[in-house]
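A structural walkthrough
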Amino acid sequence: MDICKIAENSSKCAVNTMECFMVLSTQAQKISIATLCGLFGTLCVFENSLVLYLIFSSPGTRRKPSYIFISSLALADILASIIFVCSFVNFHVFNKTDFSKETFLLQLGGVNTSFSASLSSLLLTALDRYISISRPSEYKLLMTRKRAWVALGVLWVTCAAIASLPLLGWNCCTLDSTCSELFPFVDGNYLSSWICFIMVLLGCIVYAYAHVLWRAHQHVAYMEKHQAQAGKQNTRMRMDVMLARTLVMVLTVLVLCWSPVLVLMIYSTFARLSNHLRKVFAFCSTLCLLNSMVNPIIYALRSKELYSSLRMVFSRFRRQMKTSEESPETETTHKSSVIETVCEDMRVT
């Protein structure tokens, strides 16, 4: 009998059964996972940290609700990449099992919180774009900085509360229920509920962006018919349409990266997964890191304000490099002139 048959005996919650979830059997697979996690995770932290710096270093961007939501997305991606890479590599590559059930569920809760907050930040950004395009005259009254920060606070608290439920008792060990085939100690019903929560978020985002694109199409048609009346209103429309298209690109990448993981999660709730599919799930999980890595690149390429701030940062860096290179030459020239002056004085004497 296979000792790794999940949820079929009383030892399903023992720590030693965690070895059954370590599906990477060859050294090549472990090296591949470690390389992908190291590359995507490092770039993700660097790029999203740069986005946060660009947003909060400019008074013009850090005061706008749109960029407040984008900064929340960047922060969530940073946390997700750090927690995910550390826990994922330790478990699947180094096969660390010297931790308790509570420690594992705490790490899993951190990953779930971060990725859920990332999706929720995209939802708030989509709603922000919808209000900006559909009701531009009332946008500043409806979407204030205070309301943006309150919405983010509710978002993060809700995501953290949902993600901490397994740690608080909704797990297959406490309930003596069927465990998930993908995650140790996770109750199958909780996994189904979490999948539903994520699907609802994705559905709301897609619904909001459907309206954003429809309004954006209307604005483009309006601007083409009234080019002679171009002014501040049309300029703002162009900015809204540009940002809406940027965020649709973010959403497209999000769906493409998350679809394989969600499909396998849903499949695991209805049927038993083979070892091959569980290995596929492990590799597909790194696509979530890829999504977090690609988001800042899209912002830098599509957002004129962030791109302008990035160019200013590079300009300052180049000036500092030139100054540091010229300083030694200037100091050497100064020393040479002093020596020559002293020598001339000695000759005169």
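Source: prediction; values computed, not measured. (Residues numbered from 1 in each chain as written. Predicted model: local features only at pLDDT ≥ 70, side-chain atom pairs only at ≥ 80, totals over all residues. Heavy atoms only, no water.)

What follows covers the overall build of the chain. Helices and strands together make up the secondary structure of the chain, namely 12 helices and 0 strands. Each helix and strand of the chain, ordered N terminal to C terminal, gives the series α-α-α-α-α-α-α-α-α-α-α-α. Across the 349 residues that make up the chain, the buried fraction comes to 43%. Contacts in the chain between residues far apart in sequence, at least 24 positions, make up 79% of those at least 6 positions apart. When the accessible surface of the chain is totalled, it reaches about 18800 Å², and 64% of it is carbon and sulfur. (Helix = DSSP H or I, 4+ residues; strand = E, 2+ residues; numbered from the N terminus. Buried < 20%, exposed > 50% of the residue type's maximum accessible area, 1.4 Å probe, protein only. Contact = heavy atoms within 4.5 Å. Areas by Shrake-Rupley, 256 points an atom, 1.4 Å probe, with all protein chains shown as cover.)

Taken from the UniProt record, the annotation "transmembrane region" (unreviewed entry) applies to residues 31–55, 67–92, 104–127, 148–170, 190–210, 246–268 and 280–301. The span residues 31–55 shows a helical share of 100% and a strand share of 0%, and its end C-alpha atoms are spaced 36 Å apart. A helix fraction of 100% and a strand fraction of 0% characterise residues 104–127, whose end C-alpha atoms lie 35 Å from each other. (UniProt positions renumbered as here; feature names shortened; annotations may be inferred.)

We now examine the nonpolar core. Membership of the largest hydrophobic core comes to 60 residues, with the highest contact counts inside it found for Cys-37, Phe-84, Phe-183 and Met-265. Contributions of two or more residues to this core are made by helix H1 (27–56), helix H3 (65–92), helix H4 (101–134), helix H9 (188–225), helix H10 (232–268) and helix H11 (275–302). Per-element accounting of this core gives the leading share, 11 residues, to H9. Ignoring sequence-local partners within four residues, the contact set of Phe-84 consists of Cys-37, Val-89, Val-111, Phe-115, Ser-285 and Leu-289. (Core = buried A, V, L, I, M, F, W, Y, C linked by side-chain atoms within 4.5 Å.)

Quick look at the environment of Leu-182 now. Within the fold, Leu-182 resides in the loop between helix H8 (172–175) and H9. As a C-alpha pair, Leu-182 and Phe-281 span 99 residues in sequence and 8.3 Å in three-dimensional space. Once you skip the residues sitting within four places of it in the chain, Leu-182 turns out to touch Phe-21, Leu-264, Met-265, Ser-268, Leu-273, Arg-278 and Phe-281.

Under the defined criterion, the tally for this structure stands at 7 aromatic pairs. Ring geometry for Phe-104 versus Phe-185: centroids 5.9 Å apart, planes at 75 degrees, classification edge-to-face. With Phe-104 in helix H4 and Phe-185 in the loop between H8 and H9, this pair connects stretches of sequence that are 81 residues apart. Since its relative accessible area comes to 10%, Phe-104 is described here as buried. We classify Phe-185 as buried; its relative accessible area is 2%. (Phe/Tyr/Trp six-rings, centres within 6.5 Å; stacked < 30°, edge-to-face > 60°.)

Our focus in this paragraph is the state of the cysteines. As enumerated under the stated definition, the model contains 1 disulfide in all. Paired through a disulfide, Cys-172 and Cys-179 show a sulfur-sulfur distance of 2.0 Å. Here the S-S torsion is close to 90 degrees, and the disulfide linking Cys-172 with Cys-179 is therefore right-handed. With a relative accessible area of 7%, Cys-179 lands in the buried category. (Disulfide = S-S within 2.5 Å.)

Running from N to C, H3 and H4 point in directions that differ by 160 degrees, and their axes come no closer than 8 Å. In terms of axis orientation, H3 runs roughly antiparallel to H4. Every pair of crossing elements has a handedness; the one defined by H3 and H4 is left-handed. Class assignment for the residues of the contact of H3 with H4 results in 14 nonpolar, 9 polar and 3 charged. (Axes fitted to C-alpha atoms, helices over the stretch in contact; angles between N-to-C directions. Parallel < 35°, antiparallel > 145°, perpendicular 65-115°, else oblique. Left-handed = near helix turned anticlockwise from the far one by under 90°. Nonpolar A, V, L, I, M, F, W, Y, C, P; charged D, E, K, R; others polar.)

Moving on: the pattern of salt bridges. Between side chains of opposite charge, a pair can form as their charged atoms come close. In the structure shown here, the tally under the stated rule is 4 salt bridges. The residue Lys-101 makes a salt bridge to Glu-102 at a minimum N-O spacing of 3.9 Å. The partner of Asp-128 in a salt bridge is Arg-129, and the shortest N-O contact between them spans 2.8 Å. (Salt bridge = Lys/Arg side-chain N within 4 Å of Asp/Glu carboxyl O.)

A separate point is the side chain of Lys-30. With respect to the element layout, Lys-30 can be found in helix H1. In this structure Lys-30 comes out as buried when scored by relative accessible area, which is 15%. For Lys-30, the side chain forms a polar contact with the side chain of Asn-95, separated by 2.8 Å. Not counting the four nearest positions on each side in its chain, Lys-30 is found in contact with Leu-24, His-92, Val-93 and Asn-95. (Polar contact = N/O pair within 3.5 Å; in protein donor to acceptor, adjacent residues only side chain to side chain.)

Before going further, it helps to examine a nonpolar patch on the surface. A cluster of nonpolar side chains, contributed by Met-199, Ile-266 and Phe-270, occupies part of the molecular surface with about 320 Å² of accessible area. With respect to the helices, strands and loops of the structure, Phe-270 is situated in the loop between H10 and H11. Of the residues examined, Phe-270 reaches a relative accessible area of 72% and is grouped as exposed. (Patch = residues over 30% accessible without salt bridge, like charges linked within 9 Å, V, L, I, M, F, W, Y side chains within 5 Å.)

With that out of the way, let us pick up the confidence of the model for the chain. Confidence in the prediction of the chain, expressed as mean pLDDT, is 80, and 79% of residues score 70 or more. Mean pLDDT across the secondary structure elements of the chain bottoms out at helix H12 (residues 304–348), with 65, and peaks at helix H6 (residues 145–163), with 93. (pLDDT = per-residue confidence, 0-100.)

Now for H6. The first and last C-alpha atoms of H6 sit 27 Å apart over 19 residues, in line with the 27 Å expected at 1.5 Å per residue. Buried within H6 we find Ala-148, Leu-152, Leu-155, Cys-159 and Ala-163. Along the long axis of H6, the arc covered by the buried residues comes to 60 degrees, so they all point the same way. For H6, the exposed residues lying more than 90 degrees away from the buried face are Lys-146, Val-154 and Val-157. (Expected span 1.5 Å × (residues − 1). Arc of directions from axis to C-beta.)

Glancing now at the environment of Leu-50. On the secondary structure map, Leu-50 appears in helix H1. Sequence separation between Leu-50 and Pro-296 is 246 residues, and the spatial gap between their C-alpha atoms is 8.4 Å.

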